[in-house]
Every structure is written in structure tokens, then in C-alpha cells.
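# Secondary and tertiary structure notes
One letter stands for each residue in the lines below.
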Amino acid sequence: MNVRPDVKTTPNASQSYWGMVWQQFSRSRASMLGLFFVGLMFAVAFLAPVLAEKKPLIWIEDGVTTFPLIREFFAPSEAPERVLETGYNFLLLFFPSMILIWWLTGKYQVKKLRKWLLLVVAILLLIPFFAVQTRLNTTPYRQLAAEGQGEGVFPLIPYGPFEQGFGNRIPPTWWSESRAEGENTTYHVLGTDNAGRDVLVRIIHGARVSLAVGIVSVFVATAIGIFIGAIAGYFGGRIDILLSRAIEIMMCFPTFFLILTIIAIMDERSILNIVLVIGCTSWTGVARLVRGEVLKQRGLDYVTASIALGASSLRTIFRHLLPNSIAPVLVSITFGIASSILMESGLSFLGFGVDIPTASWGELLKQAREAPTIYWWLVMFPGAPIFFTVTIYNLVGEGLRDAMDPRLRLQI
Amino acid sequence: MLLEVKNLSVQFGEGPRAARAVNNVSLSIDAGETVALVGESGCGKSVTGLSLMRLIETPPGRITSGEICLAGQDLLRIPLKDMRKIRGSEIAMIFQEPMTSFNPVYTIGDQLIETVLLHEKTTLQQAHARAEDLLTEVGIPAPGERMRQYPHELSGGMKQRAMIAMGLLCNPQLLLADEPTTALDVTVQAQILDLLRELQARHNMAVLLITHDLAVVAETVKRVYVMYASEIVEHAKVEELFREPLHPYTTGLFKCLPKLGGRREELHVIPGSVPNPSDFPSGCHFHPRCPLAKPICSQESPLLEEKRPGRLCACHLVEKVAAKV
């Protein structure tokens, strides 16, 4: 026997594909910067209620301590998109506990418990979201605190995303002297919009919408694309011709106008609907990509072997072919997120986006349309995150594409 | 008779340009018997093997006629769902390239266990134990550890052993081995052939060995089918074939083998190359390359007839010799 069971393969040979991709990716400074800012954007979106909310975290009034923000956290009372808000809040609690469990089970060598612990924690975390009742709390905490009737710990920016009445279209406080005019005691770093809401708070909460739209619509698009591409590539022949033509017809539509048309005839413009519409119209690239990969893979022996061992077509496609064809899809996912975010902003700018009062970057931009030179803070400040987000996702996508391209791979 | 193939024809594409890769092939295998199908590259032997499992891609390929009877059941007339049950549990197949026959993203163990669970209702533990036993049986040291490894961490010979183990997991009655040793070094080749012989005897399973290597045939099998340009041209017991090849093509093949200890001379080469399957010559497919060709050879297709007792040959020029009484 010419094997040495005691000797493991050399470190270089045992380096996994993803390890290699990561090594290559981390060489590009721009991509790493992009990845860092993507992380930052995630952090802002997840931490939005802690960063900017009108209710205090802790409130002490007449010796009684309450936690008004906690109730709002588990049961949002004002947000029209309850599912979105609670979803983000749940993940905000779940991700850290997941990492903690991962680390603890690894440390104490009980990796088998991992799955069960995660499930238990997830259920435990879900309970308050169902248990806590929504109650509209209109107590003016900030005012009370100012008058000295109570004390509280407020979020970093103590204004709510739906809080109105700061005065319409007030320029950034540091720029104009509006505060000195005495009508306002609040400080608005980026000014207010035409309903008298703080722009910075709207931008922070708008990150939640943009991220959700970007990720979920790409998820929908990728799911459809993978399914259609895999079927076309695997079965070939007439099915392939039919599906490929369908893909090409779909590609011929100017997507943005198609989306505009669909949304125009829709009754309700909730985030879910917008996400579905964007997702259902932008799957063509992924479908073509997956079709090509599946075509390439299906000629390999392991596919024939899996069929020869009695696996069904669906099993062969989903268990054997797709995991081997999915890598390039990842690149198109990152580019897709960028374009979906841009698409949503564009829709909101034209007034076809998410229903007001949900915060959205594009919607803020729209408010500056009447006189962009006067309301410059409504152009610059919401425009910057759109530009910035699209740029960082493209940087990450480009880095990933280069890292996966074997022709561009440097000698390791 | 475990497997009986009658007049199997396979073609790729349609119309006059269709490639007729397999023409009227008939062969049979007894339970527990090892049979070889020998021929040059492109003669249709792999297509024959694949069509036994109904693995020909349709389109462009199509089995145009024939019967494939496994234990009396015609595999070409049963629904695909039943065929899936037969694949892997009644007939298993191992392939030429061990490098690509495993899915690179799963461990060896995952793939073995998946195969067991596909065909039998057993627990994960039992499937795991079975897979480990079989890896031991095919001579893989430290099978528990190998099962946790990915295909790229195993050597070629090791992978081919694991592939054989995967084929044997559900105790098939027939194993199709499509050039199982072509991609391996000579030393490993011998080990794999020994292993196949040993397993064949122990599991009482029939093996159809598809190969182009006459040396492999001599050591391993009982009967040989020689295939040339989509047709079977000769069939004999292995000793008889080696003693006296009848068909001019088989004779040519033997001449191509270097002889050990013989005089150093240039190796014999059969002139020309295997004809294009979409444009076979008329008459005997071999006549343009045959050193003995007569006018009749280009006009009439020879029938596969019993030219010697128990031996079949398709050639106009081989005289029938009746059994000596």
C-alpha cells in the first residue's frame, strides 16, 4: 500500500477553494476597504434604533425606572413596515448570540450541541417579539427631560424616524443660524425634510430599507435564476432552447421601465412588493451564468456517477451540480445588491418607491426636486449614502471576481 | 442468464448524418461471470456500457432498437422511476477517471452514505458502518479517516478503490467497469484488477469489463467480445481467443502487442483509423483496413456466425469448421 495514513496532505494542497479566494481577495486594498464599509453599513442598519430614536433607553421618573425603547424594540408602534423592523431587531439580537454560542461550544468542545443551542436561543429570542404588545407611547420624554421632570439615557440622536414638527426644511443647524432665531431647541446635523423630520435619522433608518431591498430582491432574483438556469443547463435540448429564449426575451425588456409599469398598477407599495418586483425582473443574468456552469459541470464523470447510482434528476441538480456551479453567482450577487439599491432609490425618487412615511434615501432626494439649489442638504446628504453604498458593493464584487478568476490569480 | 442484450442499436443525432455508435450488438453475461468488451477508442464500447444503464443522453443520443434483459426484465421498457431503483442496487458502474468521478464538494463518506440511503431504509449509523466496512474491504487503510476526507485528498488509486466500494454498497448483481484502470499507473492497475477479481468471487457478482487493453483481458475475464466500429466482430473464450484469433481485426490487435523476449522489431500497426460512425464503409466495416479484403467484403455485411464450436465471428473469409466428432 502506498499510502501513509499518518501523514496529512501538505498545507498548500489542503487549502480550500474559499481559503484561496479569501487570500486573493484580501490582497486588494480597495476590496478590503469595500468589505469594511459593507460591514459598517450592516452595523448602521442593524443598530438604527439604538443610534437614533426619540424614546430613551432608560427613563427614571419619580423614582420609577422604565425602559421605553425596549418595548419599541420588540413591538414597533409607529413603523408602517413592522415585519422589516422586527426582523432587523431580531437579527440584531440573534447574530451576536450565534457568534457567542459558536465560540463557547468551540471552547468547551461540545460542537454537537451547537445546532440545538442555536435553535433554543432563536426560540427564546423570538418569544419577546410575540409576547410584547404594541402600545402607542406618546410621552414626550425629551421635553420632560428638558423640563427636569425625569432623567433618561437617550440614543445617540434623540429623534425618531417618524417624528415630525421640527420645522419644515430647516438647513443643517451648524450651517445656518436658525437655532439662534429661537424657534427651535433641537440640533439637526443634516437638517430636516419637508415634513419636519430629521434627515440624519431618516438616513440611518433608510439604510435598513436599502439593505433589505438589496439583499432580499437579489435573493429572490438568484433563486429564480438558479432554478431556471439549472433546469435549462441540465436537461438541455428543447427545454434549454425554450428557457434560453425566455431568458433572452426577458433581457430585452428595459427592466427599470418594466418595474415602473408594474408598480404603477399595484395597489400597495410595501417593501415586500417592491422587493418582489425587482427580484422577479432581474434574474436573467444569474440564470445565464448558472446555465453555463451547469452545462460545463454536467459532462464530468461525477454527475454520470451520481445518476448511475440511482439519484434522480432533481437530486443530481440540487445536491451535486449546484454546489459546484454556485461560486460565480456570488459575484453577481454583490453587483446585484448594488443595482437593486440603486433601483429602489430611483423608484423612490420618482415617487414609486416604498409608501411614506417609511424612510428611504430616494424619497429624501425626491423632496429636493423642487429646488435642489436651495434645499441642497436634501440632495447631498441622502445622495452620498446611495453613491457610497453602490460603490462599496461594486468594489467588493470586483475584488471577488478577480479573486475567483484563475487567470488573474497570482502565484501563491 | 443474468443479462442478455439483444440487437442493441444506439445512434446520436437524426437523419442520414446520424452517428450510429452501436449496431446490432448482442451479448450475454451469466450471474457471477466476468466478461470483457474489447475495442479501440471510438468503437462504441463505452456507449454500449452506458446504454445498459440507460445513461445515454437523450437528445442527442437514442437507443433505436434492441432489448436489455436483466433477470428477464427488459430495462428499455420499464419506467424511469423503476430504472432509478435498479441503478446502483442491481447494476453499478465505475468509471475511467477516478479524478472526476467523485463530487469535489462532499467528503467520501458523505457520498458513500448518500448512496446507501438512496436505496435502503437504514439509519445513518448503519449506513456509515456499511460504508466503512466496504472501504476496509477494498483495501483502504484507516477508512474512518478517509471518510472524512474530500476527494482531492486521496490518490488516484485510492479514489478508484473508493469508487469500487461505492459501486458495491448495495450488493449489485452486475458491475460495469468502464476502463477502470486506464487512468492509473501499471502497478496500481494490477492491484485494482486483483481487487475486482477478488470482490467478484466474494460477492458472486457479474462483471462487464470494458477495456482496450488485451493484457487486462487475459488476466481477468472468462469470455471476450471484440468490438469494431459499432459492431461485435468476434466472441470467444479468452484462452481460445489468445490461441487463435479468427477475425483479421483481432489478429491485427494481437500483432500490435509487443512480445516479451522476442526479437526487437517495429511494432505492427493496423493501417488507417477507426471510421467515422456517421459514415461507415459499406459491407464489412473493417474492409478498408483489412489486409485480406476481397471484393465481397465491400459489398456484403458479414453475419456474426458460429465459425468454430462456441465461437462467433463476423467475417466472410473465415471458414466454418464444424465440431470434430
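Residues numbered from 1 in each chain as written. Chains lettered and ligands numbered in written order. Predicted model: local features only at pLDDT ≥ 70, side-chain atom pairs only at ≥ 80, totals over all residues.

## Details of the overall build of chain B
Spelled out, the test is: Where helices and strands are cited, they refer to DSSP runs of H or I of at least four residues and of E of at least two residues respectively, numbered from the N terminus. Think of it as a crowd count around each C-beta: if 20 or more other C-beta atoms lie within 10 Å the residue is buried, if 12 or fewer it is exposed, and in between it is partly exposed, with C-beta placed from the backbone throughout. In this description, any two residues whose backbone-derived C-beta atoms lie within 7 Å of each other are considered to be in contact.
Counting secondary structure elements, chain B contains 10 helices and 12 strands. Considering only C-alpha atoms, chain B reaches an extent of 65 × 50 × 45 Å along its principal axes. The buried share of chain B, taken over its 325 residues, is 44%. Across chain B, every contact between residues at least 6 apart in sequence was considered, and the portion connecting residues at least 24 apart equals 62%.

## Thoughts on helix α7 (residues 186-203) of chain B
Since one α-helical turn is 3.6 residues long, residues separated by three or four positions face the same way. All names here are of chain B. The following threshold applies: The span you would expect from a helix comes to 1.5 Å times its residue count less one. This arc describes the spread of directions from the helix axis toward the C-beta atoms.
Under the 1.5 Å per step criterion, the end-to-end length of α7 is 26 Å for 18 residues, consistent within 8% with the ideal 26 Å. Every buried residue belonging to α7 is among Ile192, Leu193, Leu196 and Gln200, and all of these are buried. Within α7, the buried residues cover an arc of 100° as seen down the axis, which keeps them to one side. Along α7, the residues that are exposed and aim more than 90 degrees away from the buried face are Thr187, Ala201 and Arg202. Where α7 is buried, its residues touch β3 (34-38), α6 (156-168), β7 (174-178), β8 (206-211) and α8 (214-220). After α7 finishes, the residue asparagine 204 shows a positive phi value of roughly 45°.

## Describing the confidence of the model for chain A
For the record, the criterion: On a scale of 0 to 100, pLDDT captures the predictor's confidence in every residue.
Per-residue confidence for chain A averages 83 on the pLDDT scale, and 92% of its residues sit at or above 70. Scored below 50 in pLDDT, residues 1-13 of chain A makes 10 contacts in the model with residues more than four places away or belonging to other chains.

## A closer look at the packing of helix α12 (residues 284-298) of chain A against helix α15 (residues 327-349) of chain A
Residue and element names in this part refer to chain A. Put simply, the rule is: For helices, the fitted axis covers only the stretch in contact; all axes are lines through C-alpha atoms, and the angles between them, taken along N-to-C directions, range from 0 to 180 degrees. Any angle that falls under 35 degrees is termed roughly parallel, while one over 145 is termed roughly antiparallel, one within 65 to 115 roughly perpendicular, and all others oblique. A clockwise turn of the near helix away from the far one marks a right-handed crossing, whereas an anticlockwise turn of less than a right angle marks a left-handed crossing. Under the convention adopted here, Pro, Cys and the residues Ala, Val, Leu, Ile, Met, Phe, Trp and Tyr are nonpolar, Asp, Glu, Lys and Arg are charged, and Gly plus all remaining residues are polar.
At their nearest, the axes of α12 and α15 sit 9 Å apart, and the two run at 165° to each other. Here α15 runs roughly antiparallel to α12, going by the angle between their axes. The interaxial crossing formed by α12 with α15 has right-handed handedness. Along the contact surface, α12 presents Gly285, Val286, Leu289, Val290 and Glu293, while α15 presents Pro328, Val329 and Ser332. Each residue belonging to the contact of α12 with α15 can be placed in one class, and the counts come to 5 nonpolar, 2 polar and 1 charged.

## Overview of the sheet that holds strand β4 (residues 61-70) of chain B
Residues and elements named next belong to chain B. Definition in use: Any two strands between which DSSP finds at least two bridges are classified as paired.
Spatial strand order, β2-β1-β4-β5: 4 strands in an open sheet with antiparallel pairing. Strand pairing shows two members of the sheet lacking a second neighbour, β2 (19-29) and β5 (73-74), which therefore form its edges. In this sheet, β2 lies alongside strand β1 (residues 3-12) in antiparallel orientation, the contact comprising 7 bridges. Bridged to phenylalanine 12 within β2 is alanine 19. Set on the sheet, helix α1 (residues 45-52) makes contact with β1, β2 and β4; between it and β2 the angle comes to about 65°.

## Focus on the sheet that holds strand β9 (residues 223-228) of chain B
All names here are of chain B. In spatial order, the strands read β6-β7-β8-β3-β9-β10-β12-β11; together these 8 strands make up an open sheet with mixed pairing. Only two strands of the sheet have a single partner each, and these edge strands are β6 (91-94) and β11 (305-308). Here the average twist between neighbouring strands, direction ignored, is 25°. Where β6 and β7 come together, 4 bridges link them in parallel fashion. Each bridged residue has a counterpart across the sheet, and for alanine 92 the counterpart in β7 is leucine 175.

## Quick word on the domain arrangement of chain A
Residue and element names in this part refer to chain A. Worth spelling out the cut-off: Note that the domain bounds reflect an automated or database-derived domain assignment.
Annotation of chain A at the domain level lists domain 1 (54-160) and domain 2 (200-409). Between the C-alpha centres of domain 1 and domain 2 there is a distance of 31 Å. Taken together, the contact between domain 1 and domain 2 spans 7 residues of the former and 9 residues of the latter. Residue composition of the side of domain 1 that touches domain 2, by class: 5 nonpolar, 1 polar and 1 charged.

## What about the interface of chain B and chain A?
Buried accessible area, meaning the area lost when the parts come together, often serves as the stated size of an interface. With 27 residues of chain B at the contact, the number on the chain A side is 19 residues. Looking at the side of chain B that touches chain A, the elements with two or more residues in it are α2 (80-86), α3 (108-119) and α6 of chain B. When residues of the side of chain B that touches chain A are assigned to their parent elements, the largest contribution, 3 residues, is made by α3 of chain B. Residue composition of the side of chain B that touches chain A, by class: 13 nonpolar, 8 polar and 6 charged.

## Here we look at the packing of helix α10 (residues 255-264) of chain A against helix α11 (residues 271-281) of chain A
Residues and elements named next belong to chain A. Taken N-terminus to C-terminus, the directions of α10 and α11 make an angle of 145°; their axes are 10 Å apart at the nearest point. Crossing of α10 over α11 shows right-handed handedness. In this structure, α10 contributes Thr255, Leu258, Ile259, Ile262 and Ile263 to the contact, and α11 contributes Ile274, Val277, Ile278 and Thr281.

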